[in-house]
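What the coordinates show
This is what each chain is made of:
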Amino acid sequence: MDASHEFAPPESRRLKIARGLHGTARWILWLIAAGTLGVTPWLLGGNSSAGYYWTLWLGRLSLLPLVLWLVACALRNKNPGAAFWVPVICWGLLAAQVITSTYNRSSAPVAPWLGEGFDAIPHNPGRPSTAFKQATVLEGWFWLSLGLLALTARNVGLSGKQIRSLLWILAGTTMVLAIIGIPFKFSGQMLILGKWTAPEWYFYSTFLYHNHWCAFTLFGISAVAALFENSKNIALRCSLAVAGVVIAASAPLSTSRLGTLVIGAFGLVVIFVIIRHRRKPTLSRHQPFPVLAVSTLLGTLAICSVVFYFYKVHGAPGGHRTWSGILKSNPFGIRQTLAEDTIPMVQAKPWFGWGLGGYGGAFRFYQRAETRVVHNQGRITLYDHPHNDWLERLAELGFVGFGLFLFPGFWWVMLAQRTPASNLHRWLLVGCVGVLFFALGDMVFVNRAVAACFALFFPLALGPAASPHEE
């Protein structure tokens, strides 16, 4: 036997170890992603204390696969590249801004139901400051975990099979939560499935947390669409068609105007893609339209029957929110006034903002009197969010911090244009773009399940497509 075949040269051995480390890193990342998609939505959409710490530690655990990947790069004598260094530098500077702001408070914390303004304290306006130190610390740790998760997802990546399995987890989770929400919606009782007490009427996991649920369903429907397009089995496609109908139907059932419009627009995109693929002769045999049409119709009839039953038997909408009521109100009125009142905040501290998580602490000073609706035993309503993620992040981080926050994402988009994307990557990106548009009209990223899903899927969608041997 040739000695060259029996003993591999040192360079080949290093490459083999590097491949093993990279593969191990991907499986660890897959486990973290599965925990994000399959567990976080059940923890009140991640908005409970358990959801906060669950997401926090999953993000920290993503350091392990990232370190393994960096070691693999070193063994390959390969620079991690701009996809790694640009976010490390930008988000590192942003972290320094956030940390600095905690030592330069601009106001004393006041309980939300007390007073009409906030008590300003002496501070240096020329450097980062925060209007609510406690919120800045909590939000800072949370967004650091999301940043680590996004950085790991973009650079470590996942194989095609791993991504597909995650999409099945997400699609299944979204459909089950949508189904569970129907009896809760029309029972008139704060009981989940008639047994367990819900913590509030706007219980996220059963789509009563209206717009936030619809933002989450965008990820669920994008997962269904990606799996549908990449499956050739008729039975699987029919099942996915029914799941898509159930998930999409939860948008109007959640009595969310903006969410229903966004889900409807996404449905039009899906129909357009199906029709376009139908015109391709090589794919037409995989498009059993009569069977899919029947499956869609059956799914629609099933969901309508369940809704009709619970409405007739109970007829008490949970959360006391109905279409007849919300259609009579102006959907843009309060959002316009909140945006108008936020602009002076940005003008007052344009460079470094009011501190991450400090919007609610500072906005009370700028909120106009007519929006301070008195309710809840005479308490004053002081808004913590402007129903616009983009505007809130700008007010909190300023133009400097906001630019550092966004630039890595734009950089990843530019890098992604150099390589062809698979169908899975394209559908993930469509879902993420839909959520970004959604964020113009509501605080979708306040919900931690939505934020965690975006931190995972956006970098995966912009990462390189899996090689053929990984499929």
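Just so it is clear, the structure is predicted and the values come from calculations on it, not from any experiment. (Residues numbered from 1 in each chain as written. Predicted model: local features only at pLDDT ≥ 70, side-chain atom pairs only at ≥ 80, totals over all residues. Heavy atoms only, no water.)

1. Topic: the overall build of the protein chain
Helix and strand counts for the protein chain stand at 18 helices and six strands. For the protein chain, contacts bridging at least 24 residues in sequence account for 79% of all contacts bridging at least 6. (Helix = DSSP H or I, 4+ residues; strand = E, 2+ residues; numbered from the N terminus. Contact = heavy atoms within 4.5 Å.)

2. Things to note about the environment of Trp 411
You can see Trp 411 is positioned in helix H16 (residues 389-416). On a C-alpha basis, the gap between Trp 411 and Val 86 in space is 7.8 Å, while along the polypeptide they are 325 residues apart. Leave out the neighbours within four places in its chain, and Trp 411 touches Ala 82, Ala 83 and Val 86.

3. Let's talk about empty space enclosed by the protein
By the definition in use, this model includes two cavities of 30 Å³ or more. Put simply, the largest cavity is a space of about 40 Å³. Lining of the largest cavity is provided by Gln 97, Val 98, Ser 101, Pro 128, Ser 129, Phe 352, Gly 355, Leu 356, Glu 396 and Leu 397. Listing elements by their share of the lining of the largest cavity, those giving two or more residues are helix H5 (82-101) and H16. Grouping the amino acids of the lining of the largest cavity by side-chain chemistry returns five nonpolar, four polar and one charged. In this structure, the second largest cavity spans a volume of roughly 30 Å³. Along its surface, the second largest cavity is lined by Thr 36, Thr 55, Leu 58, Gly 59, Ser 145, Leu 146 and Leu 149. When contributions to the lining of the second largest cavity are tallied by element, the ones reaching two or more residues are helix H3 (49-61) and helix H6 (133-156). (1 Å grid on protein atoms, 1.4 Å probe; cavity = no way out; pocket = protein on both sides within 12 Å on 5 of 7 lines; lining within 4 Å. Points joined across faces, edges and corners; volume = space filled by probe spheres on them. Nonpolar A, V, L, I, M, F, W, Y, C, P; charged D, E, K, R; others polar.)

4. Description of the packing of helix H4 (residues 63-75) against H6
Running from N to C, H4 and H6 point in directions that differ by 35 degrees, and their axes come no closer than 9 Å. Where H4 crosses over H6, the two elements pack in a sense that is left-handed. Where H4 abuts H6, its residues Leu 63, Pro 65, Leu 66 and Trp 69 lie against Leu 148, Leu 151, Thr 152, Asn 155 and Val 156. Split into classes, the residues belonging to the contact of H4 with H6 amount to seven nonpolar, two polar and no charged. (Axes fitted to C-alpha atoms, helices over the stretch in contact; angles between N-to-C directions. Left-handed = near helix turned anticlockwise from the far one by under 90°.)

5. Remarks on the environment of Pro 464
Residue placement: Pro 464 occurs in the segment after helix H18 (448-462). Under the relative-accessibility criterion, Pro 464 is labelled exposed at 51%. Separated by 309 residues in the primary sequence, Pro 464 and Asn 155 place their C-alpha atoms 9.1 Å from one another. Non-local contacts of Pro 464, meaning those with residues more than four positions away in its chain, are made with Arg 154 and His 425. (Buried < 20%, exposed > 50% of the residue type's maximum accessible area, 1.4 Å probe, protein only.)

6. Focus: the layout of surface pockets
A volume near 1,100 Å³ is recorded for the second largest pocket. Lining the second largest pocket are 42 residues, with Trp 91, Leu 94, Trp 143, Gly 147 and Phe 405 sitting closest to its centre. Those elements that place two or more of their residues in the lining of the second largest pocket are H5, H6, H16 and H18. Of the residues assigned to the lining of the second largest pocket, the class counts are 33 nonpolar, six polar and three charged.

7. Remarks on the nonpolar core
Leu 167, Phe 219, Val 444, Phe 445, Val 450 and Phe 457 are the most contacted members of the largest nonpolar core, which has 90 residues in total. Membership of the second largest hydrophobic core comes to 13 residues, among which are Tyr 366, Tyr 383, Leu 394 and Ala 395. (Core = buried A, V, L, I, M, F, W, Y, C linked by side-chain atoms within 4.5 Å.)

8. Observations concerning unusual backbone geometry
Leaving glycine out, the prevailing phi sign among residues is negative, and the prevailing peptide bond configuration is trans. Although it is not a glycine, Asn 77 sits at a positive phi angle of roughly 55 degrees. When its relative accessible area of 62% is taken as the criterion, Asn 77 is described as exposed. Residues other than glycine seldom take positive phi values, yet His 387 does so here, at roughly 60 degrees. The residue His 387 is located in the loop between strand S6 (379-380) and H16 in this model. Taking relative accessible area as the criterion, His 387 reaches 23% and is therefore assigned partly exposed.

9. Structural notes on the packing of helix H7 (residues 160-187) against helix H9 (residues 234-253)
It is at 9 Å that the axes of H7 and H9 come closest, and there the two elements cross at 45 degrees. Compared by their axis directions, H7 and H9 come out oblique. Helix-helix and strand crossings are classified by hand; for H7 and H9 the assignment is left-handed. For the pair formed by H7 and H9, the contact residues are Trp 168, Ala 171, Thr 174, Met 175, Ala 178, Ile 179, Ile 182, Lys 185 and Phe 186 on the first element and Leu 236, Leu 240, Ala 243, Val 246, Ile 247, Ser 250 and Leu 253 on the second. Of the residues that constitute the contact of H7 with H9, the class distribution is 13 nonpolar, two polar and one charged. (Parallel < 35°, antiparallel > 145°, perpendicular 65-115°, else oblique.)

10. Considerations on a nonpolar patch on the surface
Taken together, the side chains of Trp 85, Val 88, Ile 89 and Leu 93 present a nonpolar region at the surface, about 370 Å² in accessible area. Examined against the element boundaries, Ile 89 turns out to sit in helix H5. (Patch = residues over 30% accessible without salt bridge, like charges linked within 9 Å, V, L, I, M, F, W, Y side chains within 5 Å. Areas by Shrake-Rupley, 256 points an atom, 1.4 Å probe, with all protein chains shown as cover. Salt bridge = Lys/Arg side-chain N within 4 Å of Asp/Glu carboxyl O.)

11. Quick notes on the pattern of salt bridges
Inspection of every chain in the model, using the stated rule, returns five salt bridges. In this structure, Glu 396 engages Arg 393 in a salt bridge whose closest nitrogen and oxygen atoms are separated by 2.9 Å. One end of the pair is Glu 396 and the other is Arg 393, both in helix H16 and three residues apart, which spans about a single turn. An identical accessibility class is assigned to Glu 396 and Arg 393; each is buried. Each of Glu 340, Asp 341 and Arg 368 takes part in salt bridges that share partners, so that together they form one network.

12. Here we look at the confidence of the model for the protein chain
When pLDDT is averaged along the protein chain, the result is 82; 79% of the residues meet or exceed 70. Of all the helices and strands in the protein chain, helix H11 (residues 281-284) carries the lowest mean pLDDT, 49, while H5 carries the highest, 96. pLDDT under 50 marks residues 282-286. Its contacts with residues more than four places away, or in other chains, come to four contacts. (pLDDT = per-residue confidence, 0-100.)

13. Some words on H18
Between the first and last C-alpha of H18 there are 21 Å, a value that for 15 residues agrees with the 21 Å anticipated at 1.5 Å per step. In terms of burial, H18 is largely enclosed, as 15 of its 15 residues are buried. Regarding H18, its N-cap is Asn 447, as a side-chain oxygen of that residue lies 3.1 Å from the backbone nitrogen of Ala 449 further along. (Expected span 1.5 Å × (residues − 1). Polar contact = N/O pair within 3.5 Å; in protein donor to acceptor, adjacent residues only side chain to side chain.)

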